[in-house]
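# What the coordinates show
The chain contents come next:
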Amino acid sequence: MGVRGGAAVGGADAGVLGTALGVVLAFSLAEGSWEWFSTYLGLTLLTVVLAFGRVPVRTAAGYGWNLAAYSSVVGLCVALALAPALQRWDWLFPMEATREGCVQAGRYESLHARAALGDLAGQDPAALAFAQEQQSRVAVADCLAATTTRWLPAYALGTALVVSGGAWVWGRARRAE
């Protein structure tokens, strides 16, 4: 592997590999509800890929694999950036039955919090209401986060297909010039 004009020749781009590692770490360290910090991580990693990564050149050896790797990393970055919005905004992730099921799980946890307190529940109604609301909110967020996580690969794959298709068309157009 040599370097020609500042870009790696015949090998993987360090920016893409570093970003892929960052995305894998972000996903593996994520627990519970998707937080807005993952949007920041996804956008930061996407910026790194776009700034330092190179769209594979159509004439280079291993073009298909390089394009697949580049597109997959971009897809993962976009999925990571979108995760909190998908979890929270039903217009972006319209799964009404799932959302209603999560609300029901929240109601159950609210009842569970009351039952767990037993006779103590009547001593401080405001504290009970707060505990029930917190338990319900956590249950709904965890339920939606789990559903979002299950669907993130579809959003990542869709993005990867759009990126690879665009790069392929762009490469053909450049080659025709």
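Heads up: these notes are all about the structure in this document. (Residues numbered from 1 in each chain as written. Predicted model: local features only at pLDDT ≥ 70, side-chain atom pairs only at ≥ 80, totals over all residues. Heavy atoms only, no water.)

### Structural notes on the environment of Leu-50
Quick reminder of the rule: Here a helix means four or more residues in a row that DSSP labels H or I, a strand means two or more in a row labelled E, and each is numbered from the N terminus.
One can find Leu-50 in helix 2 (residues 37–52). Separated by 24 residues in sequence, Leu-50 and Val-74 have C-alpha atoms that sit 8.5 Å apart.

### Looking at the state of the cysteines
As a reminder, the rule being used: Two cysteine sulfur atoms make up a disulfide if the distance between them is within 2.5 Å.
For the structure on display, the rule yields one disulfide. One disulfide in the model links Cys-102 with Cys-143; its S-S distance is 2.0 Å. Taking the sign of the S-S torsion, about -70° here, the bridge from Cys-102 to Cys-143 comes out left-handed. With Cys-102 in helix 4 (residues 96–117) and Cys-143 in helix 5 (residues 125–176), the pair connects residues that are 41 residues apart, well separated along the chain.

### Structural notes on the packing of helix 4 against helix 5
Condition: Orientation is described by lines fitted to C-alpha atoms, with helices fitted over the stretch in contact, and by angles between N-to-C directions that extend from 0 to 180 degrees. The handedness criterion is simple: a crossing whose near helix is rotated anticlockwise from the far helix by less than a right angle is left-handed, and one whose near helix is rotated clockwise is right-handed. For this analysis, residues touch if any pair of their heavy atoms sits within 4.5 Å. When residue character is reported, Ala, Val, Leu, Ile, Met, Phe, Trp, Tyr, Cys and Pro are called nonpolar, Asp, Glu, Lys and Arg charged, and the others, Gly included, polar.
At a minimum axis distance of 7 Å, the contact between helix 4 and helix 5 shows a crossing angle of 145°. Crossing hand, helix 4 versus helix 5: right-handed. Together, Thr-98, Arg-99, Cys-102, Val-103, Ala-105, Gly-106, Arg-107, Glu-109, Ser-110, Ala-113, Arg-114 and Leu-117 of helix 4 and Leu-128, Ala-131, Gln-132, Gln-135, Ser-136, Ala-139, Val-140, Cys-143, Leu-144 and Thr-147 of helix 5 make up the contact between the two elements. Taken together, the residues of the contact of helix 4 with helix 5 sort by class into eleven nonpolar, seven polar and four charged.

### What to know about the side chain of Ser-110
Tracing the backbone through its elements, the reader meets Ser-110 in helix 4. Discounting residues that sit within four places of it in the chain, Ser-110 has contacts with Gln-132 and Ser-136.

### Thoughts on the pattern of salt bridges
How we decide: In what follows, salt bridge is the name for a side-chain nitrogen of Lys or Arg lying within 4 Å of a carboxyl oxygen of Asp or Glu. Each residue gets one of three labels from its accessible area relative to the maximum for its type: buried under 20%, exposed over 50%, partly exposed in between, using a 1.4 Å probe on protein chains only.
Taken as a whole, this structure holds two salt bridges when the rule is applied. The partner of Glu-35 in a salt bridge is Arg-88, with the nearest N and O atoms 3.7 Å apart. One end of the pair, Glu-35, is in the loop between helix 1 (14–29) and helix 2; the other, Arg-88, is in helix 3 (residues 63–88), with 53 residues separating them in the sequence. For Glu-35, a relative accessible area of 44% gives the class partly exposed.

Read these as geometric descriptors, not functional statements.
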